[in-house]
Amino acid sequence: MAQLGTEANPLRVAVIGSGPSGFYAADHLMKQKETVVQVDMFERLPTPFGLVRGGVAPDHQKIKNVTKLYDRIAKKDKFRFFGNVTFGEHVTRADLQKYYHGVIYAVGSSSDKKLGIEGEDLPGSAPATEFVGWYNAHPDYRDLEFDLSVEAVAVIGIGNVAMDVVRILGRSQEELDKTDIAKYAQEALAESNIKRIYVLGRRGPAQAAFTNPEIQELGEMQDADIIVSERDVALDEPSKAYLASSEVDRKDVRNVEILREFAARDPEGKPKQIIMHFLTSPIEIIGEDKVEAIKVVRNELYVNERGTIRPRATDETDVIPVGMVFRSVGYKGVALPDVPFYDKWGIIPNDEGRVITEFGGDEQVIGDYVAGWIKRGPSGIIGTNKPDSVETANKLLEDVVAGKHWQPEHTDRDAFINFMAQAKPDYITYSDWQIIDELEMKRGEAEGRPRVKFTEVSAMLEALDEQKSIRTSAD
C-alpha cells in the first residue's frame, strides 16, 4: 500500500461546516510540510463563513474582515468548497467514507438554550438566535416576524450576543444605514415603538460575559441612554475578593469600571433607554395570548465548594412590564445523522477533538473528529477557535501516522466530483461564492453600504446563474 500523505497519495479530509473552526482546521492541515493534505469543505448554505456572516452584528463590520484570511485559505489548490450541500441528506457519513480518510465536524451550535420557565413559549418570547439570524439576512430566519410595536423589551443574558441584540434594537436609522443589516429588518426597525430595553443578568457586573468594547458601545448610542443603578454596580464580597485576586481577568475589572461610569451619568433624554439589571433572573413570563410582563427574582452570589462564584435566588421579586422577551443564555449544538451526540451539553462527545462513542467514555470513533462550538460548547470569540481547531487537526494527523483512519475505495480526487454531479448537481463552488459575494458588494455600493445580502437561497442561485451566463457569453 502506498504511503499516505504524499503527492501521489494525499491525505484527504472532509470538513463539515464553513465557519472559523472549519477554516482554521483546514488551514493547519494544508500547511503540513511532511504530509500532503487535501481538504474538501461542505456547507449547507451557498455562502461560507458561518456565524461571521450570519451571527456577527451588522454594525461590527471590522470583525468580519477575518473572512479575508479564510478567503486566502480557500484559494489554495488543496482546498475545495461544496456549498448548498446538506450533510446527512445530499452527502452522508457513509458516502464520505468512500472518498476520504477522515472527517472533521465543525458545524457550530445552531440552536439555543431554553430558560425552562413558565410562559417561555408565549408569542413575543423568542431566542436571540432567531432575531440575530433575522436581522443578518440568514435564509432560515428571513420570514420571521417580531412585534416591534411594543414599548418595552427584555433581553435575558449579559454576553456579547445579548449586547448585539440590545444595540440593534436601540440603533438609530442613521447608524443602521452604514451597515449590512437585512433591508427588511431595517424597515421593520424604522417603525419600531420600542422605548425601553431591559437587560437582565443573573450574576453581577464582575461576572458579565460581555467584552469591554461591547459594553462600552452601549454608552455611545446615538438614540439611547444607558441606565445603570448604583445598587447594580455595588460589589458583594465574593466579587470584591475575585477582583482583588491574582486570578482576575482584566476584562472583568474594566467592565466594572465602565459600568460604574455609566451609573454616575445623568440620562440625556434620548428617545430610548437601555436599563441594565444585574443579579436578576427571570422566573416567569406573564401573559394571556402574548407576552405582557416578566417576573424576576433578585439573586445573591456565593462561593460553592469548588470555589466558583454562583448566583442563588433571594425572596425579593419584581414584575417588569414588557411586550417582548429575547433569551440569550447560550447557543446549543444539534445532533448530526450517524454521529454520536451528548444532548445535555449540545456537543459531539470527544477527547481533545477525537470523537468518542459516548460522553465520558474512551472508545474512539475512527476517522471522526470535531472542532469549534460543537466540540467544546458555545464559548469564546472567533480567535478562540484557532487553537481548538489546531488541536483537533493534530489529533487527526497523529492517528493517520498510527494507521487509524478510513480506507476509502476511491483514491482519485475527481471521483468525488462525479459523485456530487449526481447527488447535488447545483452545489456551489468557491468561485461561485465569489460571484455571489461580488454581486452583494455591488448592490451595497449602490446604496452606500458594505453589502446588500441575498436573503433567499433561490435568489442567490438565480443571480449566480444569470451572472455566469453573462460571463460565458462575454467570453
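Residues numbered from 1 in each chain as written. Predicted model: local features only at pLDDT ≥ 70, side-chain atom pairs only at ≥ 80, totals over all residues. Heavy atoms only, no water.

(A) Examining unusual backbone geometry more closely. Backbone geometry places Asp 338, a non-glycine residue, at a positive phi of 65°. We note that Glu 352 has phi near 55°; this positive angle belongs to a residue other than glycine. Here Glu 352 shows up in the loop between strand E16 (350-351) and strand E17 (354-356). Its relative accessible area of 39% is what places Glu 352 among the partly exposed residues. (Helix = DSSP H or I, 4+ residues; strand = E, 2+ residues; numbered from the N terminus. Buried < 20%, exposed > 50% of the residue type's maximum accessible area, 1.4 Å probe, protein only.)

(B) Structural detail: the sheet that holds strand E8 (residues 196-200). Within the open sheet, the six strands sit side by side as E6-E14-E7-E8-E10-E9. Their pairing is parallel. At either end of the open sheet lies a strand with only one pairing partner, and these are strand E6 (125-127) and strand E9 (224-228). Here the average twist between neighbouring strands, direction ignored, is 20°. Inspection of the sheet shows E9 paired to strand E10 (residues 272-277) by five bridges, in the parallel sense. By the bridge assignment, Val 228 is partnered in E10 with Met 276. The sheet contacts of helix H5 (residues 128-135) involve E6 and strand E14 (324-327), and relative to E6 the element is tilted by about 75°. (Pairing = 2+ DSSP bridges. Axes fitted to C-alpha atoms, helices over the stretch in contact; angles between N-to-C directions. Contact = heavy atoms within 4.5 Å.)

(C) Structural view of the environment of Ile 197. Of note, Ile 197 is situated in strand E8. With 31 residues separating them along the chain, Ile 197 and Val 166 place their C-alpha atoms 7.0 Å apart. What Ile 197 contacts, discounting residues up to four positions off in sequence, is Val 153, Val 155, Val 166, Leu 169, Gly 170, Gln 273, Ile 274 and Ile 275.

(D) Just the nonpolar core, in detail. With 48 residues, the main nonpolar core has Leu 169, Ile 215, Ile 274 and Met 276 as its most contacted residues. Of all the elements, helix H6 (residues 160-170) adds the most residues to this core, at six residues. With near-sequence residues (within four places) excluded, Met 276 lies in contact with Met 163, Val 199, Phe 210, Ile 215, Leu 218, Ile 226, Ile 227, Val 228, Asp 232 and Leu 259. (Core = buried A, V, L, I, M, F, W, Y, C linked by side-chain atoms within 4.5 Å.)

(E) Summary view of the side chain of Thr 86. With respect to the helices and strands, Thr 86 occurs in the loop between strand E3 (79-82) and helix H4 (93-97). Beyond its immediate stretch of four places on either side in the chain, Thr 86 contacts Arg 44 and Val 91.

(F) Local environment of H5. H5 sits mainly inside the fold: seven of its eight residues count as buried. Residues Ala 128, Thr 129, Phe 131, Val 132, Gly 133, Trp 134 and Tyr 135 constitute the buried set of H5. After H5 finishes, the residue Ala 137 shows a positive phi value of roughly 65°.

(G) Examining the sheet that holds strand E12 (residues 293-303) more closely. Strands sit in the order E11-E12-E13 across an open sheet of three strands; the sheet is antiparallel. What marks the edges here is a single partner per strand, and that holds for strand E11 (280-286) and strand E13 (309-321). In this sheet, adjacent strand axes meet at a mean angle of 25° when their direction is disregarded. By the bridge criterion, six bridges tie E11 to E12 in an arrangement that is antiparallel. Paired with Pro 282 across the bridge in E12 is Val 296.

(H) Representation of the pairing of strand E7 (residues 152-156). Most of E7 is tucked away: five of the five residues are buried. Here E7 shows no split at all, with Ala 152, Ala 154 and Ile 156 on one side and Val 153 and Val 155 on the other all buried. Strand direction decides the pairing type here: E7 and E8, joined by five bridges, are parallel. Considered in E8, the bridge of Val 155 is made with Val 199. The sheet contact formed by E7 and E14 spans four bridges and is parallel. Within E14, the position partnered with Ile 156 by the bridge is Arg 327.

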